[in-house]
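# Per-entry structural report
What follows is the residue order along each chain.
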Amino acid sequence: MKNLIDLEKKINSELATKITGSEIKHNQLYIGINKDDLIDVSLFLKTNKYTKFKQLIDITVVDYPEEVKRFKVVYLFLSHELNQRVILSYFI
């Protein structure tokens, strides 16, 4: 996938039941998922011939104390081949 719009469409079409939301901002693709789908979505991002996100750069947790599910787990994946980043996240 040469641009983020095509990448977003591909991921949403392949993982329609596993994606809770997606948006492009700051030249990166942000994807929301359910925590139970983390492995399936991560494996797709890593192994699909159109995505190729083979490196996990960072894992962090953001605290939203005013929310019922207050912790957001965030994973940052990098595709060296495509020179793109994807931020995957879910609330716990």
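This text follows the structure it describes.
So, here is what we can say about the structure in this document. (Residues numbered from 1 in each chain as written. Predicted model: local features only at pLDDT ≥ 70, side-chain atom pairs only at ≥ 80, totals over all residues. Heavy atoms only, no water.)

Phi angles above zero are rare outside glycine, and Asn27 is one such case at about 60 degrees. Overall, Asn27 belongs to the exposed group, its relative accessible area being 65%. Residues other than glycine seldom take positive phi values, yet Asn83 does so here, at roughly 55 degrees. Residue position: Asn83 is located in the loop between β4 (71–79) and β5 (84–91). The exposure class of Asn83 is exposed, given its relative accessible area of 66%. (Buried < 20%, exposed > 50% of the residue type's maximum accessible area, 1.4 Å probe, protein only. Helix = DSSP H or I, 4+ residues; strand = E, 2+ residues; numbered from the N terminus.)

Turning our eyes to something else, we now look at the nonpolar core. Ile11, Ile31, Ile33, Leu45 and Leu88 are the most contacted members of the largest nonpolar core, which has 19 residues in total. Elements represented by at least two residues in this core include exactly α1 (4–14), β2 (28–33), α2 (38–47), β4 and β5. Element by element, the count of residues in this core is highest for α2, at four residues. Sequence-distant contacts of Leu45, defined by excluding residues within four places in its chain, comprise Ile11, Thr51, Lys52, Phe53, Phe77, Val86 and Leu88. (Core = buried A, V, L, I, M, F, W, Y, C linked by side-chain atoms within 4.5 Å. Contact = heavy atoms within 4.5 Å.)

Moving on, we get to α2. Within α2, burial applies to Leu38, Val41, Ser42, Phe44 and Leu45. Axial view of α2: buried residues confined to an arc of 160 degrees, hence all on one face. In this structure, α2 carries Ile39 and Thr47 as exposed residues pointing more than 90 degrees from its buried face. Check the buried side of α2 and you find it contacts α1, β2, β4 and β5. (Arc of directions from axis to C-beta.)

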